There are 2 protein chains.
Amino acid sequence: MKIAVLGTGMVGTTIGSKLVELGHEVMIGSRTATNEKAVEFANSNGKIASAGTFADAANFGEIIFNCTKGEISIDVLKLAGNGIDGKIIVDIANPLDFSQGMPPCLIPALSNTNSLGEEIQKNFPRTRVVKTLNTMWCGLMVNPAMIGNGDHINYISGNDAEAKATVKTLLNDFGWKNENILDLGDITNARGTEATLPIWLRVWGATNNGAFNFKIIS
Amino acid sequence: MKIAVLGTGMVGTTIGSKLVELGHEVMIGSRTATNEKAVEFANSNGKIASAGTFADAANFGEIIFNCTKGEISIDVLKLAGNGIDGKIIVDIANPLDFSQGMPPCLIPALSNTNSLGEEIQKNFPRTRVVKTLNTMWCGLMVNPAMIGNGDHINYISGNDAEAKATVKTLLNDFGWKNENILDLGDITNARGTEATLPIWLRVWGATNNGAFNFKIIS
């Protein structure tokens, strides 16, 4: 499959490399086609990896991963242009606000009674937004078996059942077992998964270990 | 020990009954000494249980459990008066806002860059606030072994190490193993634990089971 990854940070390159490993053609998108980290990603991931602008990547991909910082995600998707229309946006970003010190809080306008996932869906109604993977360190996103036999939780939410089913298949390819993927319902449930960050950050701070995740015990 | 439980809802009566079972003298506090649920609690829990006003209970207790609704907690503690001075307040409440529909969001002024736990500590600086147990259904608070051999997480936070140690002993008596009580640090960490509610509520909604809790896998 042709997949666009928007964002050249640790999340974007981790997701991109895993997709390449799975045999997908990946174009990583950034503000400029010559972005250093994007070019490095393309050079180190073989022929099926490439780099381009956000618009290049959006036009290229059949599915689009949003791996940008939450505070710029809407702007980035505007830069991506019409290429995103009709496509699935897998939204992994979180609306973190670093302006109030550490640990970051959530961007007030994008939390509690709203969420980044919803805001993307509202701004780009011709896309199908699926929120997932945003509640953990990126190393675990693509390798859940790294801890606890892979038995810990990954949430998925979105308004389009078919889009969620497609993303679920990709998650299975990442190593996620169906019983550990909890479908919360529509995209408003991103309010819940994005609100995991405040406790995630504090557990990380207290344990000095980011390679953890939550498991639901019942 | 003499313990005050403020609040006559399910959380207050569950905590109160457990404390009585453990041999503590418990006075449950409400707006009026003749509150029906408080009197029922006192009548059904033997001689060491009693009912009174918030002020009666605060004067009686060496430790005070706040089991009121988050939206009224500050007002209730004002009604409790000087009896709370110098004492530990175990704050189990959450700042839920039901005015925007279901599931509730968090009260904006008491979340993200603030928390109910902090707000109580700020308003009543002569008390020692310890936030704990607020991330789960009350049945599990006093009986963690009900699920997963009791191996799931309970957070504790507060500014006073001695107060946290005292509360930890009570948590042990409730059935919590030390390795499952994670000290996050000072009371600002209540921002994290109270922010667990948005995802807790959605997992509950998706699974129709409130008798669950999170476990940290690493």
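Residues numbered from 1 in each chain as written. Chains lettered and ligands numbered in written order. Predicted model: local features only at pLDDT ≥ 70, side-chain atom pairs only at ≥ 80, totals over all residues. Heavy atoms only, no water.

Some details on the UniProt feature "domain: Pyrroline-5-carboxylate reductase catalytic N-terminal" (unreviewed entry) in chain A
Logical step 1: Look at the UniProt record and you will see "domain: Pyrroline-5-carboxylate reductase catalytic N-terminal" (unreviewed entry) annotated at residues 2-95 of chain A.
Logical step 2: For residues 2-95 of chain A, the end-to-end C-alpha separation is 27 Å, with 38% helix and 26% strand making up the annotated structure. (UniProt positions renumbered as here; feature names shortened; annotations may be inferred. Helix = DSSP H or I, 4+ residues; strand = E, 2+ residues; numbered from the N terminus.)

Quick notes on a nonpolar patch on the surface
Residue and element names in this part refer to chain A.
Logical step 1: Nonpolar side chains collect at one region of the surface, where Met10, Trp137 and Met146 lie side by side and expose about 300 Å² of accessible area between them.
Logical step 2: Note that Met146 resides in the loop between helix 6 (138-141) and strand 9 (154-158).
Logical step 3: Note on Met146: relative accessible area 41%, which makes it partly exposed. (Patch = residues over 30% accessible without salt bridge, like charges linked within 9 Å, V, L, I, M, F, W, Y side chains within 5 Å. Areas by Shrake-Rupley, 256 points an atom, 1.4 Å probe, with all protein chains shown as cover. Salt bridge = Lys/Arg side-chain N within 4 Å of Asp/Glu carboxyl O. Buried < 20%, exposed > 50% of the residue type's maximum accessible area, 1.4 Å probe, protein only.)

Some words on the relation of the copies chain B and chain A
For the pair of chain copies, the relating transformation is a rotation about an axis with a translation along it.
Logical step 1: Superposition of chain B onto chain A requires a rotation of 180° combined with a translation of 0.0 Å along the rotation axis, giving an RMSD of 0.0 Å. Overall, the copies show the geometry of a two-fold rotation axis. Measuring from the rotation axis to each C-alpha of chain B, the shortest distance belongs to Lys215 of chain B, at 2.5 Å.
Logical step 2: The residues that chain B uses at the interface reappear at the interface of chain A in 100% of cases, marking a shared surface. (Least-squares fit on C-alpha atoms with pLDDT ≥ 70 in both. Contact = heavy atoms within 4.5 Å.)

What about the pattern of salt bridges?
If charged atoms from side chains of opposite charge come close, those side chains can pair.
Logical step 1: One pass over the full model with this rule turns up 20 salt bridges over all chains.
Logical step 2: A salt bridge links Glu119 of chain A to Lys122 of chain A; the shortest N-O distance between them is 3.5 Å. Here Glu119 of chain A pairs with Lys122 of chain A, and both are found in helix 5 (residues 116-123), just three residues apart, close to one helical turn.
Logical step 3: Lys122 of chain A sits in the exposed class, given a relative accessible area of 53%.
Logical step 4: When the shortest N-O distance is used, the salt bridge between Asp85 of chain B and Arg126 of chain B registers 3.1 Å. A residue pair is termed long-range when its members are at least 10 positions apart, and Asp85 of chain B in the loop between helix 4 (73-80) and strand 5 (88-91) and Arg126 of chain B in the loop between helix 5 (116-123) and strand 8 (128-132) qualify at 41 residues.

Regarding the packing of aromatic side chains
Logical step 1: Here the structure, examined in full by the defined rule, presents seven aromatic pairs over all chains.
Logical step 2: Between the aromatic rings of Trp200 of chain A and Trp204 of chain A, the centroid separation amounts to 5.5 Å while the plane-to-plane angle is 40°, which identifies the pairing as tilted. Here the residue Trp200 of chain A and the residue Trp204 of chain A both occupy positions in helix 9 (residues 196-207), the gap between them amounting to four residues, near one helical turn.
Logical step 3: Judged by relative accessible area, which is 40%, Trp204 of chain A ranks as partly exposed.
Logical step 4: Ring plane angle 90° and centroid distance 5.6 Å describe the contact between Phe212 of chain A and Phe214 of chain A, whose orientation is recorded as edge-to-face. The two residues Phe212 of chain A and Phe214 of chain A agree in class, both being buried.
Logical step 5: Here the aromatic residues Trp200, Trp204, Phe212 and Phe214 of chain A together with Trp200, Trp204, Phe212 and Phe214 of chain B are joined through ring pairs into a cluster of three or more. (Phe/Tyr/Trp six-rings, centres within 6.5 Å; stacked < 30°, edge-to-face > 60°.)

Topic: the sheet that holds strand 5 of chain B
All names here are of chain B.
Logical step 1: Read across the open sheet, the eight strands follow the order 3-2-1-4-5-8-9-10; overall the sheet is mixed. The open sheet terminates on both sides in strands that have one partner only, identified here as strand 3 (49-53) and strand 10 (181-185). Averaged over all pairs of adjacent strands, the angle between their axes in this sheet comes to 25°, without regard to strand direction. (Pairing = 2+ DSSP bridges. Axes fitted to C-alpha atoms, helices over the stretch in contact; angles between N-to-C directions.)

What to know about unusual backbone geometry
Excluding glycine, a negative phi dihedral is what most residues carry, and trans is how most peptide bonds are arranged.
Logical step 1: Looking along the chain, the bond that leaves Met102 of chain A and enters Pro103 of chain A is cis, with omega of -10°.
Logical step 2: Position of Pro103 of chain A relative to the elements: it lies in the loop between strand 6 (96-97) and strand 7 (105-106).
Logical step 3: Non-glycine residue Asn149 of chain B carries a positive phi angle of around 60°.
Logical step 4: Within the secondary structure, Asn149 of chain B is located in the loop between helix 6 (138-141) and strand 9 (154-158).

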